[in-house]
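Architecture at a glance
What follows is each chain in one-letter form.
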Amino acid sequence: MTKRVMILATDGFEQSELMKPKANLENAGIETEVVSLESGEIKGWQDKDWGESVAVDKRVDEVSSCEGYDALLLPGGQMNPDILRMNERAVAIVREFGMANKPIAAICHAPWLLAEAGLIDGKTVTGWPSIRTDLKNAGANVVDEEAAVDGNLVTSRNPDDIPAFSKALIEMLGESVDKRELETA
């Protein structure tokens with residue numbers, strides 16, 4: 001049976017942190033579905049300006065639970081997770097994946113959502129340098145590694161970590177992949 005990953009994002013997601021892991025998952029035979037706050041499209045952020053848009057498959061209010069999904073992918077970018085952590089349903093979705101012990105992969109600023117959902121107390125995680133104090137304050141053991149794996153959580157620091165980040169999530173889903181074949185930032 002094909003594995004299925006929810007990608008939870010909104011406007012301002014870091015372009016490479018959604019597009020590259022999405023492509024890596026799909027190249028490994030894993031389906032992806034973009035879930036956002038509104039229907040239509042969401043716009044990425046690339047370098048210092050708006051990037052490409054991505055079609056939204058479902059709105060957060062159309063997702064009743066994490067059933068039907070094998071994992072959750074949270075791309076970063078400063079705006080995207082900051083907006084999502086202010087939405088009760090988005091935070092509830094993250095919490096549901098955590099409570100179901102399903103893999104959750106969060107990169108860059110996206111571990112903010114893990115903190116907001118109360119999922120990192122006592123866990124080893126990483127993230128963008130400016131959020132590390134927030135992660136520590138939420139009870140996490142913060143490390144500086146390209147992919148920190150602790151239980152069902154995979155966290156990474158920045159776009160340069162996308163191959164290790166993608167590989168860790170793909171392997172959590174029971175698939176194998178050569179890191180050299182993965183798309184990079």
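A few points on the structure. All figures in this text were calculated on a predicted structure; none of them were measured in a lab. (Residues numbered from 1 in each chain as written. Predicted model: local features only at pLDDT ≥ 70, side-chain atom pairs only at ≥ 80, totals over all residues. Heavy atoms only, no water.)

1. A closer look at helix H3 (residues 88-99)
To keep it simple, the criterion reads: Secondary structure elements follow DSSP: runs of H or I of four or more residues count as helices, runs of E of two or more count as strands, with numbering from the N terminus. Here the expected length of a helix is defined as 1.5 Å per residue gap, with one fewer gap than residues. Buried means the residue's accessible area, taken with a 1.4 Å probe over protein chains only, is under 20% of the maximum for its type, while exposed means over 50%, and partly exposed covers the values in between. Only heavy atoms enter the contact rule, under which two residues are in contact if any of them lie within 4.5 Å. Within 3.5 Å is the distance limit for a polar contact, defined as a pair of N or O atoms, with the added protein rule that one can donate a hydrogen and the other accept it, and that residues adjacent in sequence qualify only through two side-chain atoms.
Compared with an ideal rise of 1.5 Å per residue, which puts twelve residues at 16 Å, H3 spans 16 Å between its outermost C-alpha atoms and is within 8% of the ideal. Inspection of H3 places Ala-90, Val-91, Ala-92, Ile-93, Val-94, Phe-97 and Gly-98 among the buried residues, and these make up the whole buried set. Those residues of H3 hidden inside the fold are in contact with strand S1 (4-8), strand S7 (71-74), helix H2 (79-84), strand S8 (104-107) and helix H4 (111-116). Of the residues that open H3, the one with a side-chain oxygen 3.1 Å from the backbone nitrogen of Arg-89 is Asn-87.

2. Observations regarding the sheet that holds strand S2 (residues 13-14)
What counts is decided by this rule: In short, DSSP must find at least two bridges between two strands for them to pair.
The strand order S2-S4-S5 describes an open sheet built from three strands, whose pairing is mixed. The open sheet has two free edges, formed respectively by S2 and strand S5 (49-55), since each of these has just one partner strand. Here S2 runs beside strand S4 (residues 41-46); their pairing, made up of two bridges, is parallel. Each residue of the ladder has a partner; that of Phe-13, found in S4, is Gly-44.

3. Some details on the side chain of Glu-14
Stated precisely, the cut-off is as follows: We score Asp and Glu as negative and Lys and Arg as positive, and we do not count His or the chain ends. When a carboxyl oxygen of Asp or Glu lies within 4 Å of a side-chain nitrogen of Lys or Arg, that pair is called a salt bridge.
Here Glu-14 shows up in strand S2. With no salt bridge to any partner, buried Glu-14 finds its closest opposite charge in Lys-20, at an N-O distance of 11 Å.

4. Description of the sheet that holds S1
Rule in force here: Fitted lines through C-alpha atoms give the axes, limited to the stretch in contact for helices. The angle between two N-to-C directions lies from 0 to 180 degrees.
As summarised here, the arrangement of the seven strands in space is S6-S3-S1-S7-S8-S12-S11, forming an open sheet in which the pairing is mixed. Among the strands making up the open sheet, the edge pair consists of strand S6 (58-59) and strand S11 (148-150). Along the sheet face, H3 touches S1, S7 and S8 and points at about 145° away from the line of S1. Packed onto the sheet, helix H6 (residues 162-172) meets S7, S8, S11 and strand S12 (153-156) and runs at close to 175° relative to S12.

5. Focus on the environment of Arg-59
Within the element layout of this structure, Arg-59 appears in strand S6. The exposure class of Arg-59 is partly exposed, given its relative accessible area of 27%. Taking the C-alpha atoms as reference points, Arg-59 and Ser-39, separated by 20 residues in sequence, lie 5.8 Å from one another. When sequence neighbours within four positions are dropped, the list of residues in contact with Arg-59 reads Val-35, Ser-36, Leu-37, Glu-38 and Ser-39.

6. Observations concerning the layout of surface pockets
Stated formally: Grid spacing is 1 Å over the protein atoms alone, the probe is 1.4 Å, and a cavity is where that probe fits but cannot get out, while a pocket is an open set with protein on both sides within 12 Å along at least five of seven lines and lining residues have an atom within 4 Å of a point. Grid points are joined across faces, edges and corners, and a volume is the space filled by probe spheres set on the points. In the scheme used here, Gly and all other residues not listed as nonpolar or charged are polar, with Ala, Val, Leu, Ile, Met, Phe, Trp, Tyr, Cys and Pro taken as nonpolar and Asp, Glu, Lys and Arg as charged.
As a volume, the largest pocket reaches approximately 150 Å³. Forming the boundary of the largest pocket are Gly-12, Glu-14, Glu-17, Trp-45, Gly-77, Gln-78, Met-79, Cys-108, His-109, Trp-128 and Pro-159. A per-class count over the lining of the largest pocket returns five nonpolar, four polar and two charged.

Purely geometric numbers; function is a separate question.
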